[in-house]
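# Summary of the model geometry
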There are 2 protein chains.
Amino acid sequence: MPAKILKREEILLRLFAIFRRSGFDGATLSKISEETGLGKASLYHHFPGGKVQMAEEVLRFVENWNDLHLIVPLGGKGRPKQKIKNMVATINDMYEGGKSGCLIGAMVPEDSFIEYKDQIKRILIKWIEAIAGVLVEYGVEPKESLLRAEEAVAKIQGALIVTKATGQRALFGRLMKNLPADLLEQRSGVLR
Amino acid sequence: MPAKILKREEILLRLFAIFRRSGFDGATLSKISEETGLGKASLYHHFPGGKVQMAEEVLRFVENWNDLHLIVPLGGKGRPKQKIKNMVATINDMYEGGKSGCLIGAMVPEDSFIEYKDQIKRILIKWIEAIAGVLVEYGVEPKESLLRAEEAVAKIQGALIVTKATGQRALFGRLMKNLPADLLEQRSGVLR
DNA sequence: GTCTATATAATGATAGAC
DNA sequence: GTCTATCATTATATAGAC
């Protein structure tokens, strides 16, 4: 019954939108109920573990999505430069050019909930390592590749925050445009 | 009566710590009461506007702090390169090498509360423009300076998030170490 | 699987004594 | 300026009918 599966994915997509907009604490069950169109009792039917389970499943969903659309392509066939450019295009789609915030950024702030921490950590690490792998493939030193990959992921996260905070969506576009060069270009690392 | 003034600053410092750790929604009055040592009623004596006023005053406090420790030094005397290095050192202190998160990152996620939005926006824009000013002073094109400044601020914000999310504090140090070069170095902007 | 209705706990916020 | 006690509201979560 594929219809049922699609239905749950639809719910998760709505949940994803809410969590990335409001964070965990800001995503109240009332909001969730309203924006999913499901009553609270129905939500607990689908997610007996309540809001925590919803968050965990959304993160799992994001992890799968990332694996499929970022990690696998980066590790697959194609020229490194093209793979990086594809990634940037995917990121741009994913965040709608900076219009949408980042789920990870929205959910990290909370002190408690060690449950997610491992999920979030894994998502980021996998992504960083996939980028670094492409750079190594491109001929960059492994250590330098890791550093650049970390920088790139940090810059994407930061760009989303600064864009959201300043309301200047053009900023996101500018930073994304420079990403491929940041990653692939030769850098001296020395101050003149 | 300077004692009284210092007392309020002490309260604001505690509030700052709570908000940047938990965000606005996560900072419940119970937590605030507990961590400030003040009863709820006492908190409302100091902040009749409640949690919203607390957040606003904390942001004003941060803005003043930034003006004093970041903006003014960047616009003051000294060699551009040294001023950038000083800024990075200040940032490192400010976030305790990535141990502490960023207030802005923690408070942005919320959809509502337009009250802060302007404050947060102003803090970031002032900072970006101050950095860009130094780069112009260094001889970089104004347009390019602005772009690099945006990138730097985004990278700092992102580094804090990625560091928090992965728990790898070393990452923050690595990224901060490269910041001066990122800002001051000649870049071709062309992919080989 | 969805709903209405409700339980229970925690939230932001006040009143009033000291 | 601080406290205890309490308010109304909203939070998460459940029971049970359909």
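Residues numbered from 1 in each chain as written. Chains lettered and ligands numbered in written order. Predicted model: local features only at pLDDT ≥ 70, side-chain atom pairs only at ≥ 80, totals over all residues. Heavy atoms only, no water.

## Considerations on the protein's contact with DNA strand D
Where we set the bar: Working definition: residue near molecule or strand if any one of its non-hydrogen atoms lies within 4 Å of it. Any N or O atom pair separated by 3.5 Å or less is treated as a polar contact, with the protein-specific requirement of one donor-capable and one acceptor-capable atom, and with residues adjacent in sequence counted only for side-chain atom pairs. Elements are defined by DSSP. Helices are runs of H or I of four residues or more, strands are runs of E of two residues or more, and each kind is numbered from the N terminus.
Taken together, the neighbourhood of DNA strand D is formed by 18 residues, with Leu29 and Tyr44 of chain A together with Gly39, Ala41 and His46 of chain B sitting nearest. Sugar and phosphate atoms represent 67% of those atoms of DNA strand D found within 4 Å of the protein. Separating a phosphate oxygen of DNA strand D from a side-chain N or O atom of Ser30 of chain A is a distance of 3.1 Å. Measuring from a phosphate oxygen of DNA strand D, one finds a side-chain N or O atom of His46 of chain B at 2.5 Å. Counting only elements with at least two residues in the surface near DNA strand D, the list comes to helix H2 (29–36), helix H3 (40–46) and helix H4 (50–75) of chain A together with helix H1 (2–26) and helix H3 (40–46) of chain B. Broken down by element, the residue count for the surface near DNA strand D peaks at four residues, all from H3 of chain B.

## Comments concerning empty space enclosed by the protein
To keep it simple, the criterion reads: Only protein atoms enter the 1 Å grid, on which a cavity is a set of points fitting a 1.4 Å probe that cannot get out and a pocket is an open set with protein on both sides within 12 Å along at least 5 of 7 lines, lining residues being those with an atom within 4 Å of a point. Grid points are joined across faces, edges and corners, and a volume is the space filled by probe spheres set on the points. Classification used: nonpolar for Ala, Val, Leu, Ile, Met, Phe, Trp, Tyr, Cys and Pro, charged for Asp, Glu, Lys and Arg, polar for all others including Gly.
Summed over all chains, the structure comprises seven cavities of 30 Å³ or more. In terms of lining, the largest cavity is formed by 18 residues, of which the most central are Ser22, Asp25 and Ala106 of chain A together with Ser22 and Ala106 of chain B. Residue assignment for the lining of the largest cavity shows that the elements contributing at least two residues are helix H1 (2–26) and helix H6 (103–107) of chain A together with H1 and helix H6 (103–107) of chain B. Of the residues that constitute the lining of the largest cavity, the class distribution is eight nonpolar, six polar and four charged.

## Quick look at unusual backbone geometry
Residue and element names in this part refer to chain A. Note the threshold: Residue exposure (1.4 Å probe, protein chains only): buried if accessible area is under 20% of the type maximum, exposed if over 50%, otherwise partly exposed.
A positive phi is found at Glu96, a non-glycine position, where the angle reads about 50 degrees. Relative to the helices and strands, Glu96 is located in the loop between helix H5 (80–94) and H6. We classify Glu96 as partly exposed; its relative accessible area is 37%.

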